[in-house]
Amino acid sequence: MNILVLGGGGREHALAWAIKQNPKCDRLIVAPGNAGIAMIAEMSDLDPLNGAAVVNFCEENAIDFVVIGPEAPLAAGVADRLREAGVLCFGPSAAAARLEASKAFTKEICDACGAPTAAYARFTDAGAAADYVRAQGAPIVVKADGLAAGKGVIVAMTLDEALAGLDEIFGGAFGEAGAEVVIEEFMDGEEASFFILSDGVNVLPVGTAQDHKRVGDGDTGPNTGGMGAYSPAPVLTPAIQDQVLAEIVRPTVAEMARRGTPFQGVLYAGLMIKDGRARLVEYNVRFGDPECQVLMMRLGGQVLDLMIACAEGRLDQVRAHWAEDHALTVVMAARGYPGSYVKGTAIKGLDALPADSFNMVFHAGTTAKDGAVLATGGRVLNVTARGANLREAQARAYAMVDAIDWPDGFCRRDIGWRAL
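Residues numbered from 1 in each chain as written. Predicted model: local features only at pLDDT ≥ 70, side-chain atom pairs only at ≥ 80, totals over all residues. Heavy atoms only, no water.

Student: Looking at this structure, I do not really get the sheet that holds strand E2 (residues 27-32). What am I missing?
Tutor: Each strand in a sheet pairs with its neighbour through backbone hydrogen bonds, running either in the same direction (parallel) or in the opposite one (antiparallel). The strand order across the open sheet formed by five strands is E3-E2-E1-E4-E5, and the pairing between neighbours is parallel. The open sheet has two free edges, formed respectively by strand E3 (42-43) and strand E5 (89-90), since each of these has just one partner strand. Of the strands in this sheet, strand E1 (2-7), E2 and strand E4 (65-68) touch helix H1 (residues 10-20), which is tilted by about 165° from E1. Relative to E1, helix H2 (residues 51-60) is tilted by about 160°, and along the sheet it contacts E1, E2 and E4. (Pairing = 2+ DSSP bridges. Helix = DSSP H or I, 4+ residues; strand = E, 2+ residues; numbered from the N terminus. Contact = heavy atoms within 4.5 Å. Axes fitted to C-alpha atoms, helices over the stretch in contact; angles between N-to-C directions.)

Shown next, in the form of structure tokens:
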């Protein structure tokens, strides 16, 4: 098969790495890719957001299957354009991608199907939103409705933080994503992520993970796109997974189908768990980043078969076979992230590190220039390892981190602490 992966981050490096292991993969192209992806696949400067250009590229290159990595092309309807052209692809339609592209829409779906989630209100007027926050008090959660690259959520522990968050969102910090605000009750408990494939009718769980959103050790400092993750997540017990499937995931998939917008792709349920029960925090309609990296380490090449079955509407005919071990990834970020950071700094020592099914450095914000690897983004590397237990996986990952020569980078030193 000729396969095209859209995206250029750590998630897409992990997807490409897993797909490459499957003997069905004859040719692998990634657009736009990064320095790490360039070592295992062909690269293209194709714009992932341009549906017409993607379709043309598929026709010119005899592409058999397209995997859409990030949320932005999904929200832009790239999967719709591919299906209209008869190209098999993995990822939801723009209508179904609203489960991530609009937090207010997700709340509507939860209301319609009875899925347990936080109580909420939605506002387009800043004054009315501020009045509501004052009436409810803190702690409280303030969210930009639309896509904000994982940064449009303010978990406000004080009233001042909540009001400042409203000012930030309505003030344009997140562009059009902040035209509407969703304000939710604060849910306490332990967060975890559950990943499920859906072909529009059938659902197939493909893994659990727990990530570390805040920039500092001990889960301190501002939220980020994610500073590390591990899989499996012990807090997501088999009983809780069954509850989530019965009360949240299957009702959501059924409601989307009832509306004529069936969901096909990966449904990533962010959950809050307390007293043995889960409530939905939010949905994402693509693999998490960096959760994808640990999932791919444990799934390997079979993920291609699962995604094809999902795209062809036959998920009921396949099952996921897990490596019965643990995986952990540490994000190395550019100093200053998630604030302003310097680009173009050199990263050394990567060539000396192992690259196999137990130890991998997945690239995110990197480029290759004159034989050197340069940092081009905020989150730059995902240093990932497997082990017989989580502590072994953690030790292997940090041993690789310590072998990387990048004075302008940093990482958290406590990834996995909740489970350990």
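Read on, since the account is not over.
Student: Would you take a moment to explain the pattern of salt bridges for this structure?
Tutor: Pairs may arise between side chains of opposite charge once their charged atoms sit close together. For the structure shown, the criterion picks out 25 salt bridges. Put simply, Glu 184 and Lys 143 hold a salt bridge, and the shortest N to O gap is 3.2 Å. Here the residue Glu 184 occupies a position in strand E9 (residues 181-185), and Lys 143 occupies one in strand E7 (residues 140-144), the gap between them amounting to 41 residues. Residues Glu 184 and Lys 143 agree in their burial class; the two are buried. (Salt bridge = Lys/Arg side-chain N within 4 Å of Asp/Glu carboxyl O. Buried < 20%, exposed > 50% of the residue type's maximum accessible area, 1.4 Å probe, protein only.)

Student: Can you walk me through the environment of Ser 102 in this structure?
Tutor: Inspection of the secondary structure puts Ser 102 in the loop between helix H5 (98-101) and helix H6 (103-113). Within the structure, Ser 102 has its side chain in polar contact with the backbone nitrogen of Phe 105 (distance 3.1 Å). (Polar contact = N/O pair within 3.5 Å; in protein donor to acceptor, adjacent residues only side chain to side chain.)

Student: Would you mind showing me how to read the side chain of Glu 184 here?
Tutor: According to the relative accessible area criterion, Glu 184 is buried, its value standing at 4%. A distance of 3.2 Å separates the side chain of Glu 184 from the side chain of Lys 143, its partner in a polar contact. Those residues in contact with Glu 184 that lie beyond four places of it in its chain are Lys 107, Ala 118, Ala 119, Tyr 120, Ile 140, Val 141, Lys 143 and Val 281.

Student: I tried to follow the sheet that holds strand E20 (residues 366-369) on my own but got confused; where do I start?
Tutor: A sheet is described by the order of its strands in space; here three strands give the open sequence E18-E21-E20, paired in antiparallel fashion. Both outer strands of the open sheet, strand E18 (346-347) and E20, are each paired with one neighbouring strand and no more. The pairing of E18 with strand E21 (residues 372-375) spans two bridges and is classified as antiparallel. By the bridge assignment for E21, Ala 346 is matched with Leu 374.

Student: Could you clarify how one ought to interpret the side chain of Ser 93 in this entry?
Tutor: Among the structural elements, Ser 93 can be located in the loop between E5 and H5. Contact partners of Ser 93, with chain neighbours within four places excluded, come to Leu 74, Asp 80 and Arg 83.

Student: Sorry, what's going on with helix H9 (residues 238-258) here?
Tutor: The end-to-end C-alpha separation of H9 is 28 Å, in line with the 30 Å expected for 21 residues at 1.5 Å each. Inspection of H9 places Ile 240, Gln 243, Val 244, Leu 245, Ile 248, Val 249, Pro 251, Thr 252, Val 253, Glu 255 and Met 256 among the buried residues, and these make up the whole buried set. At the exit of H9 stands Gly 260, carrying a positive phi of roughly 85°. (Expected span 1.5 Å × (residues − 1).)

Student: In this structure, what is going on with helix H8 (residues 159-170)? I would like to understand it.
Tutor: Because an α-helix completes one turn every 3.6 residues, residues spaced three or four positions apart along the sequence face the same direction. End to end, H8 covers 17 Å across twelve residues, agreeing with the expected 16 Å (1.5 Å per residue, within 8%). Of the residues making up H8, those classed as buried are Ala 162, Leu 163, Gly 165, Leu 166 and Ile 169. Buried residues of H8 fall within an arc of 155° about the axis and therefore sit on the same side. In H8, those exposed residues whose orientation departs by more than 90 degrees from the buried face are Asp 160 and Asp 167. The positive-phi residue at the C-terminal boundary of H8 is Gly 172, with phi of around 100°. (Arc of directions from axis to C-beta.)

Student: Can you help me understand the packing of H1 against helix H10 (residues 291-299) in this one?
Tutor: Two numbers describe a pair of packed helices, the interaxial angle and the distance between the axes. Two elements in contact, H1 and H10, have axes separated by 8 Å at closest approach and are oriented at 10°. Classified by the angle their axes make, H1 and H10 are roughly parallel. Between H1 and H10, the residues in contact are Gly 10, Arg 11, Ala 14, Leu 15, Trp 17 and Ala 18 and Cys 292, Gln 293, Met 296 and Met 297, respectively. For the contact of H1 with H10, the class distribution of residues is seven nonpolar, two polar and one charged. (Parallel < 35°, antiparallel > 145°, perpendicular 65-115°, else oblique. Nonpolar A, V, L, I, M, F, W, Y, C, P; charged D, E, K, R; others polar.)

Student: Whenever I open this one, the pairing of strand E6 (residues 120-123) confuses me. Can you help?
Tutor: Strand residues, when the strand is regular, have side chains that alternate between the two faces of the sheet. On E6, burial follows the alternation: Ala 121 and Phe 123 on one face are buried, whereas Tyr 120 and Arg 122 on the facing-out side are not. Note that E6 and E9 share four bridges and pair antiparallel. Across the sheet, Ala 121 pairs through a bridge with Ile 183, a residue of E9.

Student: So what exactly am I meant to see when it comes to unusual backbone geometry here?
Tutor: Trans is the common state for peptide bonds, and a negative phi is the common state for residues other than glycine. Here Ala 31 and Pro 32 are connected by a cis peptide whose omega angle stands at 0°. Along the chain, Tyr 337 connects to Pro 338 via a cis peptide bond; the corresponding omega equals 10°. Considering the arrangement of structural elements, one finds Pro 338 in the loop between strand E17 (326-334) and E18. Even without glycine at this site, Ala 62 takes up a positive phi of about 50°. Its location among the elements puts Ala 62 in the loop between H2 and E4. Residue class for Ala 62 comes out partly exposed when judged on its relative accessible area of 46%. A positive phi angle is found at Asp 275, which is not glycine, with a value near 55°.

Student: Can you walk me through the nonpolar core in this structure?
Tutor: Looking at soluble globular proteins, one finds that nonpolar side chains tend to be buried together. Leu 4, Leu 6, Val 66, Leu 82, Leu 99 and Leu 271 are the most contacted members of the largest nonpolar core, which totals 48 residues. The dominant element in this core, judged by the number of residues it contributes, is H9, at seven residues. Apart from the residues within four sequence positions on either side, Leu 82 is in contact with Val 54, Val 55, Cys 58, Val 66, Ile 68, Val 87 and Cys 89. If you look at the next biggest cluster of nonpolar residues, it comprises 43 residues, including Trp 17, Tyr 268, Leu 304 and Met 360. (Core = buried A, V, L, I, M, F, W, Y, C linked by side-chain atoms within 4.5 Å.)

All we've got here are geometric facts, nothing functional implied.
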